[in-house]
Amino acid sequence: DGGITQSPKYLFRKEGQNVTLSCEQNLNHDAMYWYRQDPGQGLRLIYYSQIVNDFQKGDIAEGYSVSREKKESFPLTVTSAQKNPTAFYLCASRGGSDTQYFGPGTRLTVL
Amino acid sequence: DQQVKQNSPSLSVQEGRISILNCDYTNSMFDYFLWYKKYPAEGPTFLISISSIKDKNEDGRFTVFLNKSAKHLSLHIVPSQPGDSAVYFCAASAWSNTGKLIFGQGTTLQVKP
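So, here is what we can say about the structure in this document. Throughout, residues of each chain are indexed from 1 in the direction in which the sequence is written. Key to labels: chains lettered from A, ligands numbered from 1, both in the order written. Predicted model: local features are reported for residues with pLDDT of at least 70 only, side-chain atom pairs are reported and counted for 80 or more only, and whole-chain, interface and lining totals are derived from all residues. To get the side-chain values, take all heavy atoms of the structure and skip hydrogens and water.

Residues and elements named next belong to chain B. Pairing is antiparallel across the open sheet formed by five strands, whose spatial order is 1-3-8-7-6. The sheet terminates laterally at strand 1 (4-5) and strand 6 (56-59), the two strands that pair on one side only. As paired strands, strand 3 (residues 19-25) and strand 8 (residues 72-77) are joined by six bridges and run antiparallel to one another. Along strand 8, the bridge assignment pairs serine 19 with isoleucine 77. The pairing criterion for strands is at least two bridges between them, as found by DSSP. The helix and strand labels rest on DSSP assignments: H or I over at least four residues marks a helix, E over at least two residues marks a strand, and numbering proceeds from the N terminus.

This is the structure:
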């Protein structure tokens, strides 16, 4: 089955710890994206990558980092510098059109 | 500054009737618009899209209308079904933005049996 997977589904972190969220796609898409959703709000772009070994900051990149070493993978690290990390994190990928396809999401809770 | 706005946080409709979800945008550079459906704790699912060269796109029960002069788009669902109950997000992009999507805040649709 082609698609986007995110793991884990739920993640708990203590304050001051870094944590990495996984995103993998087998759609052969070049572009990948990370969004954050907070209650009652839309999705806000954290980082995006249009090609391997290249990525760009989105609207709310502070406190986050990414890497894009493989076409299939775009992990997101939430660092201790992120002041309010509790949220629902969504990964997406895009092929030849402007349509992005989303993974199932990871809910991160900081204890 | 919110470039894409969904001014109605919620909408309630009777099963079998039409649901109309609205979205306004401010950036005239947007040339591609999408609607996504989202259930709680799941990723958004792509529903339907429209290019700025069209004013209407239809896919089964879903139709999206685009009024460029008013910078307004709407999603019509006919007939509405209880399974349509979800949060609906509109999104917009411009080629100059390299595929980035700008999302509205979402509208929660409840379809009552």
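Let us keep going from here.
Here the focus is the state of the cysteines. Residue and element names in this part refer to chain B. The term disulfide is used for any two cysteine sulfur atoms that are within 2.5 Å. Taken as a whole and assessed by the stated rule, the structure comprises two disulfides over all chains. Linked covalently through their sulfurs, cysteine 23 and cysteine 90 form a disulfide whose S-S length is 1.9 Å. Taking the sign of the torsion about the S-S bond as the criterion, the disulfide between cysteine 23 and cysteine 90, at about 65°, is right-handed. Taken together, the residues cysteine 23 in strand 3 and cysteine 90 in strand 9 (residues 86-93) connect sequence positions 67 residues apart. Only protein chains enter the accessibility calculation, which uses a 1.4 Å probe; a residue whose area is less than 20% of its type maximum is buried, one above 50% is exposed, and one in between is partly exposed. Here cysteine 23 falls in the buried class, since its relative accessible area comes to 1%.

What follows covers the nonpolar core. Val4, Phe30, Phe33, Trp35, Leu73, Leu75 and Tyr88 of chain B are the most contacted members of the largest nonpolar core, which has 25 residues in total. Within the residue set of this core, elements represented by two or more residues are strand 3, strand 4 (32-38), strand 5 (45-51), strand 7 (62-67), strand 8, strand 9 and strand 11 (107-112) of chain B. Counting residues per element, this core draws most heavily on strand 9 of chain B, which supplies four residues. The definition of a nonpolar core used throughout is a set of buried Ala, Val, Leu, Ile, Met, Phe, Trp, Tyr and Cys residues joined through side-chain atoms within 4.5 Å. Among the nonpolar cores identified, the runner-up in size contains 19 residues, and Tyr64, Val66, Phe74 and Ala87 of chain A belong to it.

Honestly, that's just the spatial picture; any functional story needs more than this.
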